[in-house]
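# Observations on chain architecture
Here are the chains, one letter per residue:
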Amino acid sequence: MNELKSTREGYGQALLELGKNKKVVALSADLTESNQVTKFAERYPQRFFQCGVAEQNMITMATGLALENKIPFASSFGVFLPMRCLDQIRISVCYNQANVKMVATHCGLMTGEDGATHQALEDVAALRSIPGITIIEPIDYYQAIKATKAAAKLKGPVYLRLHRAKTEPITGPLTTFKIGQAQLLQKGEKVTIIGSGPVLKEAFKLNSFLNFKPEIINCHTIKPLDQKIIKSIKKNKKVLVLQDHQKIGGLGSAITELVSDQNSIKIKILGMPDKFGESGTIEQLWNKYGFSTRNILKNVKELIE
Amino acid sequence: MKKITQIKELKLKANSLRQEVIKMLCHSGSGHSAGPLGLAEIFTALYFNLLKHNPKKPLDKNRDRLILSNGHVCPIRYAAMAEAGYFPKKELLTLRKMGSRLQGHPHRLDIPALEVSTASLGQGLGVAIGMALAAKLDKQNHKIYCLSSDGEHDEGSTWEAINAAQKYKLDNLINIIDRNYIQLSGNTEEIWPIENLRKKYEAFNWAVIEIDGHDFQEIISAVELAKKIKQPVCIIAKIIPGKGVSFMEKQYQWHGKTPNKEQSIQAILELEKERKKIDHE
């Protein structure tokens, strides 16, 4: 078994490496360690800006830095960034097409024991309709490293959706990653399972219970959506979306928009059913809110019946 | 750009900008009147005396940055920029029209020298702080000017930014407050009291200078002094909203509406009268 590591750790590692570029600066809203920014802050103290518990100002500060040719990475928890500073993201960052990288750790039910206040489940829905933003949710540690480095290269606003918990990596250091290019994780038939973030690995558990292999696609870039996934969708005509996010407004909604002019395609979305979360372990929460193997299996069977 | 130092000449320039603003607003049929008219002296002083800038090289890296946080007063900035040569004056009458670079609220991608798209209040000072930090990192000597409204001091984010400026000891940052005592729905102290502004800024370790925002000597000396102070500086400029047009002065109702044709003629006549007075000074 590979060493367990979190996507936020991948971000911290990549940010440290990116520090060689003097244009890269980092900001955190009193969550330096939680956001995994400590190593960067220690190595490059003059390029680290502590912003206190003031996320709105952190985002406008990052905008000013970006407009002066810096590449700012501003980090906080997903419940505060983007939720608390959405207007700043809309106007200061996106309307200006400012080159700000917004990094939210602690997204989804995966935040676990901290409970509803700290489980970002609405962030993608809040951001997805803002023009010009790129939204990426890497599946594991290695992909988070690559996503962070790719975000630094991409000109324009990027939101990285990351997670607190350590999980087993399913990609490796050499797996290719390109923003906007979904990744086929398992070739299969009858049903296409699409997801983003570590929750997608739950789909592999179905292999032991089905007499066929479903196609599994890691759609790490939620916006812009890879139009090529439509090929797999058209082939199987049945789609199951897994997202550790509200059912409303997330990746599933994006895919539904993509195929809205297609007849005979059936889509089911597994996500938070318009509720707030609660304290619990990841396993308990995923089981309760729809990501148990049993429930995923049930939904796949309903789709292919 | 060549500095105008004669007060009389600056006054005439401010008068011209006011007349342009009236024409623009009358033509557009929507927008804000009181704020832009009140700021004619401040913008004249900035663009024709104080700012280090070059309309022929609008993005020169050594230029002073001017962030207009209260973006809704943009007609006066557009008028000043056209007068300075950033774009043709005839473009002013396209304000708020489809396809115009002169958006209802300023958009940097249309005119880069606007520095930043603003108008959601409470964001400009934070952006200015980011720019001031970048200037420090790059060891540049230009100044970052932010113009903010008194009304946007209702926003918590403005106070987050004020605190950030002291934390990072930004002595390259000057925030000029348009203290005109009005906001959209009424007078500032009735809507959301913000006094004592001086004491509040001082408590946040800013240097504070209070001036008459219509007196060129006071504006210019305050900014020249601010440039030398090793702290972030706040200049509280007392402004008469709607200045120069009798029926608009100090009337909050003119915050967010524009004069019709008749009212515009009346306003221009009053401004012409004032111009003659300046001429005879």
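Heads up: the structure comes first, above all this text.
In short, a report on the structure.

Conventions and cut-offs
Residues numbered from 1 in each chain as written. Chains lettered and ligands numbered in written order. Predicted model: local features only at pLDDT ≥ 70, side-chain atom pairs only at ≥ 80, totals over all residues. Heavy atoms only, no water. Pairing = 2+ DSSP bridges. Helix = DSSP H or I, 4+ residues; strand = E, 2+ residues; numbered from the N terminus. Axes fitted to C-alpha atoms, helices over the stretch in contact; angles between N-to-C directions. Contact = heavy atoms within 4.5 Å. 1 Å grid on protein atoms, 1.4 Å probe; cavity = no way out; pocket = protein on both sides within 12 Å on 5 of 7 lines; lining within 4 Å. Points joined across faces, edges and corners; volume = space filled by probe spheres on them. Nonpolar A, V, L, I, M, F, W, Y, C, P; charged D, E, K, R; others polar. Phe/Tyr/Trp six-rings, centres within 6.5 Å; stacked < 30°, edge-to-face > 60°. Buried < 20%, exposed > 50% of the residue type's maximum accessible area, 1.4 Å probe, protein only. Lys NZ or Arg CZ within 6 Å of the ring centre and 35° of its normal. Buried area = accessible area lost by both parts, 1.4 Å probe. Salt bridge = Lys/Arg side-chain N within 4 Å of Asp/Glu carboxyl O. Polar contact = N/O pair within 3.5 Å; in protein donor to acceptor, adjacent residues only side chain to side chain. Core = buried A, V, L, I, M, F, W, Y, C linked by side-chain atoms within 4.5 Å. Disulfide = S-S within 2.5 Å. Right-handed = clockwise from strand over helix to strand, strands pointing away.

The strands making up a sheet are joined through hydrogen bonds of the backbone, oriented either antiparallel or parallel. Residues and elements named next belong to chain A. In spatial order, the strands read β7-β9-β8-β11-β12; together these 5 strands make up an open sheet with mixed pairing. Edge positions in the sheet fall to β7 (183–186) and β12 (266–272), since each of these pairs with one other strand and no more. Across the sheet, the mean angle separating the axes of adjacent strands is 25° when strand polarity is ignored. Summarising the sheet, strand β8 (residues 192–195) and strand β11 (residues 238–246) pair through 4 bridges and their orientation is parallel. Its bridge partner being in β11, I193 is matched across the sheet by L240.

Turning next to the side chain of N70 of chain B. Its place among the elements puts N70 of chain B in the loop between β1 (65–68) and α4 (74–84). Those residues in contact with N70 of chain B that sit more than four places away from it in its chain are L39, L121, L147, S148, S149, E152 and D178 of chain B.

Summed over all chains, the structure comprises 2 cavities of 30 Å³ or more. In this structure, the largest cavity spans a volume of roughly 70 Å³. Forming the walls of the largest cavity are Y47, L51, H53, P58, R63, D64, L66, R77, Y86, A113 and E115 of chain B. Residues belonging to the lining of the largest cavity are distributed by class as follows: 6 nonpolar, 1 polar and 4 charged. Estimates place the volume of the second largest cavity at around 40 Å³. Every residue lining the second largest cavity is listed: V124, E137, R161, S196, I222, Q243, H245, G250 and L251 of chain A. Tallied by class, residues from the lining of the second largest cavity come to 3 nonpolar, 4 polar and 2 charged.

Moving on, we come to the packing of aromatic side chains. Scanning the model with the defined rule gives 12 aromatic pairs over all chains in all. Consider the rings of F40 of chain A and Y44 of chain A, whose centres lie 5.2 Å apart with planes at 50°: the pair is tilted. Here the two residues F40 of chain A and Y44 of chain A agree in accessibility, since each one is buried. Pairing F247 of chain B with W254 of chain B gives two aromatic rings, centres 5.7 Å apart and planes at 65°, and the pair type is edge-to-face. F247 of chain B gets classed as partly exposed once you look at its relative accessible area, which sits at 25%. Given a relative accessible area of 6%, W254 of chain B falls into the buried group. Three or more aromatic residues link up through ring pairs in this structure, and these residues are W159, Y201, F204 and W206 of chain B. Its guanidinium or amino end placed over the ring of Y44 of chain A, R47 of chain A lies 4.5 Å from that ring's centre, counting from NZ or CZ. It is K257 of chain B that lies over the ring of W254 of chain B; its NZ or CZ is 4.4 Å from the centre.

A word on the side chain of T118 of chain B. Residues and elements named next belong to chain B. When you line up the elements, T118 lands in the loop between α4 and α5 (124–137). T118 sits in the buried class, given a relative accessible area of 8%. With sequence-adjacent residues up to four places away left out, T118 is seen in contact with L68, S69, G71, H105 and P106.

Moving on: the interface of chain B and chain A. Accessible area lost when the parts come together is the quantity often used to give the size of an interface. Opposite the 25 residues of chain B that make contact, chain A presents 24 residues. Taken over both partners, the interface formed by chain B and chain A buries close to 2200 Å², and the fraction arising from carbon and sulfur atoms is 56%. Considering only the surface of chain B that becomes buried against chain A, Q123, L137 and E160 of chain B emerge as the three largest contributors, covering 26% of it. Across the contact surface, chain B and chain A share 2 salt bridges. For R65 of chain B, the salt bridge identified is with E68 of chain A, shortest N-O distance 2.7 Å. Between chain B and chain A we count 9 residue pairs in polar contact (both at pLDDT 80 or more) in total. Among the secondary structure elements, those contributing two or more residues to the side of chain B that touches chain A are α5 and α6 (156–167) of chain B.

Moving on to the nonpolar core. Formed by 78 residues in total, the largest nonpolar core has its most connected members in I89 of chain A together with I129 of chain B. Ranked by residues supplied to this core, first place goes to α5 of chain B with 8 residues. Excluding anything up to four places from it in sequence, I129 of chain B contacts M61 of chain A together with A161, A164, A165, L170 and L173 of chain B. Membership of the second largest hydrophobic core comes to 64 residues, among which are L66, L68, Y78 and A237 of chain B.

What follows is about the environment of K169 of chain B. Assignment of secondary structure puts K169 of chain B in the loop between α6 and β3 (173–179). Here the alpha-carbon distance between K169 of chain B and R18 of chain B, two residues 151 residues apart in the chain, equals 36 Å.

Our focus in this paragraph is the sheet that holds β3 of chain B. Residue and element names in this part refer to chain B. Spatially, 5 strands are ordered β1-β2-β3-β7-β6 in an open sheet, and the strand pairing comes out parallel. The strands lining the two open edges of the sheet, one partner per strand, are β1 and β6 (207–212). Adjacent strand axes in the sheet meet at a mean angle of 20° when their direction is disregarded. Bridge count between strand β2 (residues 144–149) and β3: 6 bridges; the pairing is parallel. Each residue of the ladder has a partner; that of Y145, found in β3, is I174. Of the strands in this sheet, β1, β2 and β3 are in contact with α5, which crosses β2 at around 170°.

Further remarks concern the state of the cysteines. Residue and element names in this part refer to chain A. Here the structure, examined in full by the defined rule, presents 0 disulfides over all chains. With no disulfide of its own, C94 lies closest to C85 among cysteine sulfurs, the gap being 11 Å. Overall, C94 belongs to the buried group, its relative accessible area being 6%.

What follows concerns the pattern of salt bridges. For the structure on display, the rule yields 31 salt bridges over all chains. A salt bridge links E302 of chain A to K268 of chain A; the nearest nitrogen and oxygen atoms lie 2.8 Å apart. Residue E302 of chain A is located in helix α10 (residues 293–304), and its partner K268 of chain A is located in strand β12; the two are separated by 34 residues in the primary sequence. On the basis of relative accessibility, which here comes to 24%, the residue K268 of chain A falls in the partly exposed class. A salt bridge links E274 of chain B to K277 of chain B, with the shortest nitrogen-to-oxygen separation between them at 3.9 Å. Pair noted here: E274 of chain B and K277 of chain B are both in helix α10 (residues 261–279), with a separation of 3 residues, about one helical turn. When salt bridges with common partners are traced through the structure, they connect D150, R179, E189 and E195 of chain B into a single cluster.

A few words now on the pairing of β12 of chain A. Residues and elements named next belong to chain A. In this structure, β11 lies alongside β12, joined through 6 bridges in parallel fashion. Residue pairing across strands places K238 opposite K266, the latter belonging to β12. Handedness of the β11-helix α8 (residues 251–258)-β12 crossover: right-handed.

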